[in-house]
Every structure is written in structure tokens, then in C-alpha cells.
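Residue strings, one per chain:
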Amino acid sequence: MRSFIKIFYCTILLLVASRNSAKAQPYIDVINTRYTSSPDAGIFNHNKKNIVLNYFNASTTLPVLFKNKKDFVILSPFYEEWSSTINGIDSFQKHHRSLALPVSLLKSIGKKWNILITPIVRINDTVICAKSKWQFGGALLASHKSDDGKFTWKFGVYINGDLFGVFVMPLVGIDWQVSPKTNLFGVLPGNLTLEHKVSNHFYYGATFRAITNSYTDRNNKYWRVDENQSGLFADYYFSKNIVLNIEAGHSLFRKIRTGNKNEAGTDWMANDNVYLKLSLAYRIRFR
């Protein structure tokens, strides 16, 4: 156990020491747990079927610095679980789980360019066991930093062998230090965040995220969720690194489907609802 703690803290120290290479984003959550609850209560697009959708995620980000002090290998394992019910229907599994290991290589090319290559292996199933179905995918992301280091463009592609077929998604991202207290960052269509610093202990802002995942369901079918969320958040830092995040918002164009591979699937006709997210993280900020 002591050896693990030493390795963990040495990794973090290497990351902090090399912050000039990584500062294109404002922070990294070394450890993060979050829970999202979306009850059957909505403001718009709420004339379909009643649904309750809950989500849990536990993740870590462990960067390992190369000897050149410019390049990284980043391990980002995570566990997640969806819980869903709709109109009392019990013909589908109510819990779908994922265990994933993205492994990224962050390579610097000159002073302005970075390349991020991320193969991803995961289990997406109702139960995590030896018989669970595997998925393989990955992402390629290139980034270019401005002369003053305050603006970075990103572009690339994400590919995954989902249970409904091969899923391909182009990526466009931005990391922009709008002002000394305001940051805009993210990679679309996955996520985009605008945050503003009030003090060392308090930040607030707005965020958008889009999720597309598929899981093995009973009878050799898949369960697919397309979840888009837009909300407002507040971050409170109990200390330099321990942060509590509270976020509230509404889902957009939510779609849940079941079917067989290479089929469009059966649409659950799910309502769009409000959601509340709580997160606790060990965070290292670069600005």
C-alpha cells in the first residue's frame, strides 16, 4: 500500500512539474465520483413516456511523464452505471454497467502542436463478468496552440464498435482562456464548459455534454442511450484540490432504444427531464 501511495504522488508531482506542456486545459480530475439523477419532471419535450434515468461514474486520470518531460501516457480507467425505468415496463434490464480503460498517448510536436491517440477497451453489459461483451474503439485528436498559449483549437475523430454498429463521430474542440478568471473548453459534440472564477474557493458556469453508449441487453439485444444535457454548475473548493461540483439542468433530445445489431431499434419515446448532478473530485488546476 505504501508503494502504491508513493507511485501515485510521484505521478502527480510529475504532472505538476510539467504543467507547461499540459496547461491547454484548466484542470485535471485525478479522482472523480459523480451521480446524476433525472426524475420524471420536465419543462419541455415532456409529452412522451414517463422515465426515470440515474447515472453513476467513478474515474481516475493517471498521467505518466516521459523522460523528455513533454510527452505523456495517460491512464483513465472508469466505471459507470445507468439505472432506467419507464412506465413500469420490466421487460428490459434496469441496470447497465461499463468498465473501461482508455490509454492515451499525448505527443508534443514542436511548440504549438499536440497529438492525442487514445485506444479504448471496455465492457458494456448488464453484468460485469467473464461472459460480458467487449467493445473496442478509440479517438485521435490534434491540437494547435496560439502564440500566447491562451487559445487552442482541437480536431479529430472518435470511432467505436458499438452494439448497434460502428459509431463514427468527428470532433472539434477549444481551450480558450477568455480572461484571467474565465475559461471556455471542451470537445464537441461531447462536451463544452464555460467557467468563471469568483475566488480560490468558488467557481460557477454553464456546461453541455452529449453521451452515446450501447450496452448488451437480455436476449442478445442492445440497450442504447443518447443523452444530451445542458445546465448550470457551481464548484466549491474545500481545499486547493478537493472540489464539490453541483449542477442542475435539462436533457435535450433524449433517446433510448433497444434492438439488434445493425438495426435502428425500438424507440422508448422517453421524455426530456430535468437533472441534478453531484460530483466530488481531487483536482489539479493549471490556471
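Since the structure is predicted, the reported quantities are computational estimates derived from the model, not experimental observations.

Under the definition given, this model contains 13 aromatic pairs. Taken together, the ring pairs in this structure connect Tyr55, Trp82, Tyr215 and Trp223 into an aromatic cluster. Its guanidinium or amino end placed over the ring of tyrosine 27, arginine 283 lies 3.9 Å from that ring's centre, counting from NZ or CZ.

A few words now on the nonpolar core. Within the largest apolar cluster, 12 residues are counted, these being Ile51, Leu53, Tyr55, Trp82, Ile86, Ile211, Tyr215, Trp223, Val225, Ile256, Trp268 and Ala270. Elements that contribute at least two residues to this core include exactly β2 (51-60), β5 (78-86), β13 (202-216) and β14 (222-237). With three residues, β2 is the single largest residue contributor to this core. The residues contacting valine 225, other than those within four sequence positions of it, are Trp82, Ile211, Thr212, Asn213, Tyr215, Lys255 and Ile256. In this structure, Leu141, Phe164, Leu171 and Tyr222 belong to the second largest nonpolar core, which totals nine residues.

Here we come to unusual backbone geometry. For the bond running from leucine 188 to proline 189, omega is 10 degrees, close enough to zero to count as cis. Positive phi values are uncommon outside glycine, yet phenylalanine 253 reaches one of about 55 degrees. Assignment of secondary structure puts phenylalanine 253 in strand β15 (residues 242-259). Unusually for a residue other than glycine, methionine 269 sits at a positive phi of about 55 degrees. Relative to the helices and strands, methionine 269 resides in the loop between β16 (266-267) and β17 (274-285).

On the surface, Val198, Phe202, Tyr204, Tyr236, Phe238, Ile242 and Leu280 cluster together to form a nonpolar patch covering roughly 630 Å² of accessible area. Checked against the element boundaries, isoleucine 242 lands in strand β15. Relative accessible area serves as the criterion here: at 32%, isoleucine 242 is assigned to the partly exposed category.

Attention now moves to the pairing of strand β7 (residues 113-125). Sheet topology places strand β6 (residues 95-109) next to β7; 11 bridges connect them, and they run antiparallel. Residue pairing for β7: lysine 107 is matched across the bridge by isoleucine 115. Taken together, β6 and the strand that follows it, β7, pair antiparallel across an intervening segment of three residues, in which glycine 110 is found at a positive phi of about 70 degrees. Bridge count between β7 and strand β8 (residues 134-145): 11 bridges; the pairing is antiparallel. Across the sheet, proline 119 pairs through a bridge with glycine 138, a residue of β8.

Along the chain, the position of aspartate 162 falls in strand β9 (residues 151-162). In this structure aspartate 162 is buried but unpaired, with arginine 122 as the nearest side chain of opposite charge at 6.7 Å. Not counting the four nearest positions on each side in its chain, aspartate 162 is found in contact with Gln135, Phe167, Asn213 and Ser214.

Mean pLDDT over the chain: 88, with 89% of residues reaching 70 or higher. When the criterion is pLDDT under 50, residues 4-10 qualifies, and its contacts beyond four places in sequence or with other chains add up to three contacts. Predicted confidence for residues 12-23 stays below pLDDT 50, and this span has 22 contacts to residues more than four positions away or in other chains.

Moving on to the environment of asparagine 114. Note that asparagine 114 resides in strand β7. According to the relative accessible area criterion, asparagine 114 is buried, its value standing at 15%. When the C-alpha positions of asparagine 114 and serine 143 are compared, they lie 5.2 Å apart, and in sequence the two are 29 residues distant. In terms of polar contacts, asparagine 114 uses its side chain to reach the side chain of serine 108, at 3.1 Å.

Let us now look at the environment of isoleucine 159. Relative to the elements of secondary structure, isoleucine 159 occurs in strand β9. The spatial distance from the C-alpha of isoleucine 159 to the C-alpha of glycine 138 is 5.5 Å, given a sequence separation of 21 residues. Setting aside chain neighbours within four positions, we find isoleucine 159 in contact with Gly137, Gly138, Val166, Phe167 and Val168.

For the rest of this paragraph, the subject is the side chain of threonine 126. The topology assignment puts threonine 126 in the loop between β7 and β8. Overall, the relative accessible area of 13% leaves threonine 126 in the buried class. Within the structure, threonine 126 has its side chain in polar contact with the side chain of aspartate 125 (distance 3.4 Å).

Parameters and conventions
Residues numbered from 1 in each chain as written. Predicted model: local features only at pLDDT ≥ 70, side-chain atom pairs only at ≥ 80, totals over all residues. Heavy atoms only, no water. Phe/Tyr/Trp six-rings, centres within 6.5 Å; stacked < 30°, edge-to-face > 60°. Lys NZ or Arg CZ within 6 Å of the ring centre and 35° of its normal. Core = buried A, V, L, I, M, F, W, Y, C linked by side-chain atoms within 4.5 Å. Buried < 20%, exposed > 50% of the residue type's maximum accessible area, 1.4 Å probe, protein only. Helix = DSSP H or I, 4+ residues; strand = E, 2+ residues; numbered from the N terminus. Contact = heavy atoms within 4.5 Å. Patch = residues over 30% accessible without salt bridge, like charges linked within 9 Å, V, L, I, M, F, W, Y side chains within 5 Å. Areas by Shrake-Rupley, 256 points an atom, 1.4 Å probe, with all protein chains shown as cover. Salt bridge = Lys/Arg side-chain N within 4 Å of Asp/Glu carboxyl O. Pairing = 2+ DSSP bridges. Lys, Arg positive; Asp, Glu negative; His and termini not counted. pLDDT = per-residue confidence, 0-100. Polar contact = N/O pair within 3.5 Å; in protein donor to acceptor, adjacent residues only side chain to side chain.

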